[in-house]
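Chain by chain, the residues run as shown.
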Amino acid sequence: AKDLRAACSCAYCVEEMTGEKLIKKADIPDSIYPFSMNPVGNYALGINWSDNHSSLFPYETLKHFVKLG
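Since the structure is predicted, the reported quantities are computational estimates derived from the model, not experimental observations.

K.L.:
Break down the confidence of the model for the protein for me, with residues and values.
P.N.:
Put simply, the protein has an average pLDDT of 93, and 96% of its residues get 70 or more. When pLDDT is averaged over each helix and strand of the protein, the minimum, 92, is found for helix α2 (residues 59–62) and the maximum, 98, for strand β2 (residues 44–49).

K.L.:
I'd like a description of the sheet that holds strand β3 (residues 54–58), backed by residues and values.
P.N.:
Read across the open sheet, the three strands follow the order β1-β2-β3; overall the sheet is antiparallel. Of all the strands in the sheet, just β1 (34–40) and β3 have a single pairing partner and so form its edges. Recorded for the sheet is a direction-independent mean angle of 20° between the axes of neighbouring strands. Looking at chain direction, β1 and β2 are connected through six bridges and run antiparallel. Within β2, the position partnered with Pro 34 by the bridge is Trp 49.

K.L.:
Describe the pattern of salt bridges, naming the residues involved and giving the relevant values.
P.N.:
In the structure shown here, the tally under the stated rule is four salt bridges. Across the pair Asp 30 and Lys 2 runs a salt bridge, and its minimum N-O distance is 2.6 Å. Taken together, the residues Asp 30 in the loop between α1 (2–6) and β1 and Lys 2 in helix α1 connect sequence positions 28 residues apart. With its nearest N and O atoms 3.1 Å apart, the salt bridge here joins Lys 63 to Glu 60. The class of Lys 63 is partly exposed, set by a relative accessible area of 46%.

Criteria and thresholds
- Residues numbered from 1 in each chain as written.
- Predicted model: local features only at pLDDT ≥ 70, side-chain atom pairs only at ≥ 80, totals over all residues.
- Heavy atoms only, no water.
- pLDDT = per-residue confidence, 0-100.
- Helix = DSSP H or I, 4+ residues; strand = E, 2+ residues; numbered from the N terminus.
- Pairing = 2+ DSSP bridges.
- Axes fitted to C-alpha atoms, helices over the stretch in contact; angles between N-to-C directions.
- Salt bridge = Lys/Arg side-chain N within 4 Å of Asp/Glu carboxyl O.
- Buried < 20%, exposed > 50% of the residue type's maximum accessible area, 1.4 Å probe, protein only.

In structure tokens form, the structure reads like this:
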């Protein structure tokens, strides 16, 4: 869960103009967990995290974090 939370690319986590990461993985608690998850259309999964952050991950991005089959 921590790796996925660290991969969030929203404007709070990544500087929009430079692409610089604004959150460091070390700043994310080891105890992080998804509080809720909801499909967004047919293309993404919205995740609300236990640290009160929300992320939107396209399914294509999630494939890098999940081993299928």
